[in-house]
Amino acid sequence: MAFLLPNICRCVCLRNRSGINVIQTASYHANVIDHYENPRNVGSMDKKDKNVGTGLVGAPACGDVMKLQIKVDENGKIVDAKFKTFGCGSAIASSSLATEWVKGKTVDEALKLKNTEIAKELSLPPVKLHCSMLAEDAIKAALSDYRIKQQNPEK
(Lines give C-alpha, C1' and ligand atoms only; values in the text may rest on other atoms or scores of the structure.)
Protein backbone atom coordinates (compact mmCIF):
# COMPACT_ATOMS: atom_id res chain seq x y z
CA MET A 1 0.00 0.00 0.00
CA ALA A 2 1.33 3.44 -0.88
CA PHE A 3 0.37 6.73 0.65
CA LEU A 4 0.59 9.93 -1.36
CA LEU A 5 1.49 13.08 0.50
CA PRO A 6 0.07 16.40 -0.73
CA ASN A 7 3.35 17.23 -2.47
CA ILE A 8 3.66 14.00 -4.42
CA CYS A 9 1.93 13.81 -7.77
CA ARG A 10 2.28 10.36 -9.26
CA CYS A 11 2.82 6.89 -7.86
CA VAL A 12 3.70 4.19 -10.36
CA CYS A 13 4.09 0.50 -9.63
CA LEU A 14 6.80 -1.13 -11.74
CA ARG A 15 8.28 -4.62 -11.76
CA ASN A 16 12.07 -4.70 -11.54
CA ARG A 17 14.30 -7.29 -13.26
CA SER A 18 13.94 -9.80 -10.45
CA GLY A 19 10.14 -9.61 -10.60
CA ILE A 20 9.68 -7.57 -7.43
CA ASN A 21 7.15 -4.74 -7.48
CA VAL A 22 8.79 -1.38 -6.94
CA ILE A 23 6.94 1.85 -6.30
CA GLN A 24 8.38 4.96 -7.91
CA THR A 25 7.13 8.43 -7.22
CA ALA A 26 7.58 11.66 -9.13
CA SER A 27 7.54 14.49 -6.63
CA TYR A 28 5.74 17.67 -7.55
CA HIS A 29 4.72 20.32 -5.07
CA ALA A 30 0.99 20.89 -4.63
CA ASN A 31 1.32 24.32 -6.34
CA VAL A 32 2.72 22.69 -9.50
CA ILE A 33 -0.06 20.12 -9.50
CA ASP A 34 -2.69 22.84 -9.03
CA HIS A 35 -1.42 24.96 -11.96
CA TYR A 36 -0.91 21.86 -14.13
CA GLU A 37 -4.35 20.39 -13.50
CA ASN A 38 -6.13 23.78 -13.43
CA PRO A 39 -4.05 26.07 -15.65
CA ARG A 40 -5.01 29.73 -15.59
CA ASN A 41 -5.21 31.96 -18.65
CA VAL A 42 -4.71 29.35 -21.38
CA GLY A 43 -5.35 30.81 -24.82
CA SER A 44 -4.22 33.33 -27.38
CA MET A 45 -4.72 36.95 -28.30
CA ASP A 46 -4.47 38.74 -31.62
CA LYS A 47 -0.73 39.20 -32.10
CA LYS A 48 -1.40 42.01 -34.60
CA ASP A 49 -3.09 44.14 -31.91
CA LYS A 50 -0.72 47.00 -31.05
CA ASN A 51 -1.58 46.60 -27.35
CA VAL A 52 -0.64 42.90 -27.31
CA GLY A 53 2.92 41.73 -26.77
CA THR A 54 3.87 38.18 -27.71
CA GLY A 55 6.83 36.20 -26.45
CA LEU A 56 7.75 32.81 -27.89
CA VAL A 57 10.63 30.97 -26.24
CA GLY A 58 11.92 27.43 -26.17
CA ALA A 59 14.45 25.17 -24.49
CA PRO A 60 16.16 22.93 -27.05
CA ALA A 61 17.55 20.65 -24.31
CA CYS A 62 14.14 19.48 -23.12
CA GLY A 63 11.82 20.50 -25.97
CA ASP A 64 9.62 22.87 -23.93
CA VAL A 65 8.05 25.70 -25.94
CA MET A 66 6.22 28.59 -24.31
CA LYS A 67 4.10 31.34 -25.87
CA LEU A 68 3.07 34.09 -23.48
CA GLN A 69 1.01 37.12 -24.45
CA ILE A 70 0.14 40.28 -22.55
CA LYS A 71 -2.43 42.98 -23.25
CA VAL A 72 -1.60 46.45 -21.97
CA ASP A 73 -4.07 49.31 -21.47
CA GLU A 74 -3.51 52.99 -22.30
CA ASN A 75 -2.05 53.59 -18.81
CA GLY A 76 0.68 50.96 -19.24
CA LYS A 77 -0.99 48.38 -17.00
CA ILE A 78 -1.19 44.73 -18.04
CA VAL A 79 -4.89 43.93 -18.12
CA ASP A 80 -4.75 40.40 -19.53
CA ALA A 81 -2.27 37.60 -20.12
CA LYS A 82 -2.55 34.29 -21.95
CA PHE A 83 -0.23 31.37 -22.57
CA LYS A 84 0.15 28.20 -24.56
CA THR A 85 2.89 25.81 -23.52
CA PHE A 86 4.09 22.54 -24.94
CA GLY A 87 6.11 20.91 -22.20
CA CYS A 88 6.24 19.18 -18.85
CA GLY A 89 4.04 19.91 -15.85
CA SER A 90 6.58 22.32 -14.39
CA ALA A 91 6.70 24.33 -17.62
CA ILE A 92 2.91 24.55 -17.77
CA ALA A 93 2.72 25.51 -14.09
CA SER A 94 5.43 28.18 -14.55
CA SER A 95 3.53 29.66 -17.51
CA SER A 96 0.24 29.64 -15.66
CA LEU A 97 1.72 31.31 -12.58
CA ALA A 98 3.56 33.89 -14.69
CA THR A 99 0.32 34.99 -16.38
CA GLU A 100 -1.35 35.32 -12.99
CA TRP A 101 1.48 37.42 -11.62
CA VAL A 102 1.85 39.87 -14.53
CA LYS A 103 -1.83 40.81 -14.62
CA GLY A 104 -2.42 44.12 -12.86
CA LYS A 105 1.25 45.12 -12.98
CA THR A 106 2.73 47.92 -15.05
CA VAL A 107 5.15 47.02 -17.83
CA ASP A 108 8.09 48.12 -15.65
CA GLU A 109 6.86 46.10 -12.66
CA ALA A 110 6.43 42.99 -14.82
CA LEU A 111 10.03 43.33 -16.03
CA LYS A 112 11.18 42.91 -12.43
CA LEU A 113 9.64 39.43 -12.06
CA LYS A 114 12.40 36.85 -11.70
CA ASN A 115 12.50 33.15 -12.36
CA THR A 116 13.68 32.59 -8.79
CA GLU A 117 10.37 33.93 -7.49
CA ILE A 118 8.42 31.58 -9.77
CA ALA A 119 10.62 28.63 -8.80
CA LYS A 120 10.22 29.42 -5.10
CA GLU A 121 6.41 29.72 -5.31
CA LEU A 122 6.17 26.40 -7.16
CA SER A 123 8.92 24.72 -5.10
CA LEU A 124 10.63 23.58 -8.28
CA PRO A 125 13.54 21.17 -7.83
CA PRO A 126 16.92 22.15 -9.35
CA VAL A 127 16.37 19.96 -12.44
CA LYS A 128 13.22 21.96 -13.26
CA LEU A 129 14.59 25.49 -12.78
CA HIS A 130 14.86 25.90 -16.55
CA CYS A 131 11.03 25.94 -16.64
CA SER A 132 10.89 29.07 -14.48
CA MET A 133 13.69 30.59 -16.58
CA LEU A 134 11.59 30.01 -19.69
CA ALA A 135 8.65 31.78 -18.04
CA GLU A 136 10.84 34.80 -17.18
CA ASP A 137 12.22 34.83 -20.74
CA ALA A 138 8.69 34.65 -22.17
CA ILE A 139 7.57 37.62 -20.05
CA LYS A 140 10.58 39.65 -21.18
CA ALA A 141 10.02 38.70 -24.83
CA ALA A 142 6.33 39.68 -24.64
CA LEU A 143 7.19 43.01 -23.01
CA SER A 144 9.87 43.65 -25.62
CA ASP A 145 7.42 42.90 -28.44
CA TYR A 146 4.88 45.27 -26.88
CA ARG A 147 7.45 48.07 -26.56
CA ILE A 148 8.59 47.63 -30.16
CA LYS A 149 4.97 47.94 -31.33
CA GLN A 150 4.58 51.16 -29.34
CA GLN A 151 7.67 52.65 -31.01
CA ASN A 152 6.50 51.57 -34.47
CA PRO A 153 2.74 52.21 -34.50
CA GLU A 154 2.36 51.16 -38.16
CA LYS A 155 2.90 47.49 -37.21
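Everything below is about the structure printed above this text.
About the cut-offs
- Residues numbered from 1 in each chain as written.
- Predicted model: local features only at pLDDT ≥ 70, side-chain atom pairs only at ≥ 80, totals over all residues.
- Heavy atoms only, no water.
- Core = buried A, V, L, I, M, F, W, Y, C linked by side-chain atoms within 4.5 Å.
- Buried < 20%, exposed > 50% of the residue type's maximum accessible area, 1.4 Å probe, protein only.
- Helix = DSSP H or I, 4+ residues; strand = E, 2+ residues; numbered from the N terminus.
- Contact = heavy atoms within 4.5 Å.
- Disulfide = S-S within 2.5 Å.
- Pairing = 2+ DSSP bridges.
- Axes fitted to C-alpha atoms, helices over the stretch in contact; angles between N-to-C directions.
- Parallel < 35°, antiparallel > 145°, perpendicular 65-115°, else oblique.
- Left-handed = near helix turned anticlockwise from the far one by under 90°.
- Nonpolar A, V, L, I, M, F, W, Y, C, P; charged D, E, K, R; others polar.
- Salt bridge = Lys/Arg side-chain N within 4 Å of Asp/Glu carboxyl O.

Ranked by size, the top nonpolar core spans 30 residues in total, and within it Ile70 and Val102 carry the most contacts. Of all the elements in the fold, those that place two or more residues in this core are β3 (52–59), β4 (64–72), β5 (78–86), α2 (89–102), α3 (107–111), α4 (115–122) and α5 (129–151). The dominant element in this core, judged by the number of residues it contributes, is α5, at eight residues. Sequence-distant contacts of Ile70, defined by excluding residues within four places in its chain, comprise Met45, Asn51, Val52, Gly53, Ile78, Asp80, Ala81, Val102, Ala142, Leu143 and Tyr146.

Okay, the state of the cysteines next. One pass over the structure, following the stated rule, counts zero disulfides. Counting only cysteine sulfurs, Cys131 is the nearest neighbor of Cys88, a cysteine outside any disulfide, at a range of 3.7 Å. On the basis of relative accessibility, which here comes to 0%, the residue Cys131 falls in the buried class.

On to the pairing of β3, then. Of all eight residues that make up β3, six are buried, and the element is covered over most of its length. When β3 meets β4, the two strands line up antiparallel, connected through eight bridges. Residue Thr54 lies in a different strand from β4, and its bridge partner there is Gln69. The antiparallel hairpin formed by β3 and β4 contains four residues in its connecting segment, where Gly63 sits at a positive phi of about 90 degrees.

Between α2 and α4, whose axes approach to 10 Å, the crossing angle comes to 115 degrees. Viewed along their axes, α2 and α4 adopt a mutual orientation that is roughly perpendicular. The chirality of how α2 crosses α4 is right-handed. On α4, the residues that touch Ala93, Ser94, Leu97, Ala98 and Trp101 of α2 are Glu117, Ile118, Glu121 and Leu122. For the contact of α2 with α4, the class distribution of residues is six nonpolar, one polar and two charged.

Glancing now at the pattern of salt bridges. In total, this model carries six salt bridges according to the counting rule given. With a closest N to O distance of 2.6 Å, Asp34 and Arg40 form a salt bridge. As a salt-bridge pair, Lys149 and Asp145 come within 3.7 Å of each other at their nearest N and O atoms. Pair noted here: Lys149 and Asp145 are both in helix α5, with a separation of four residues, about one helical turn.

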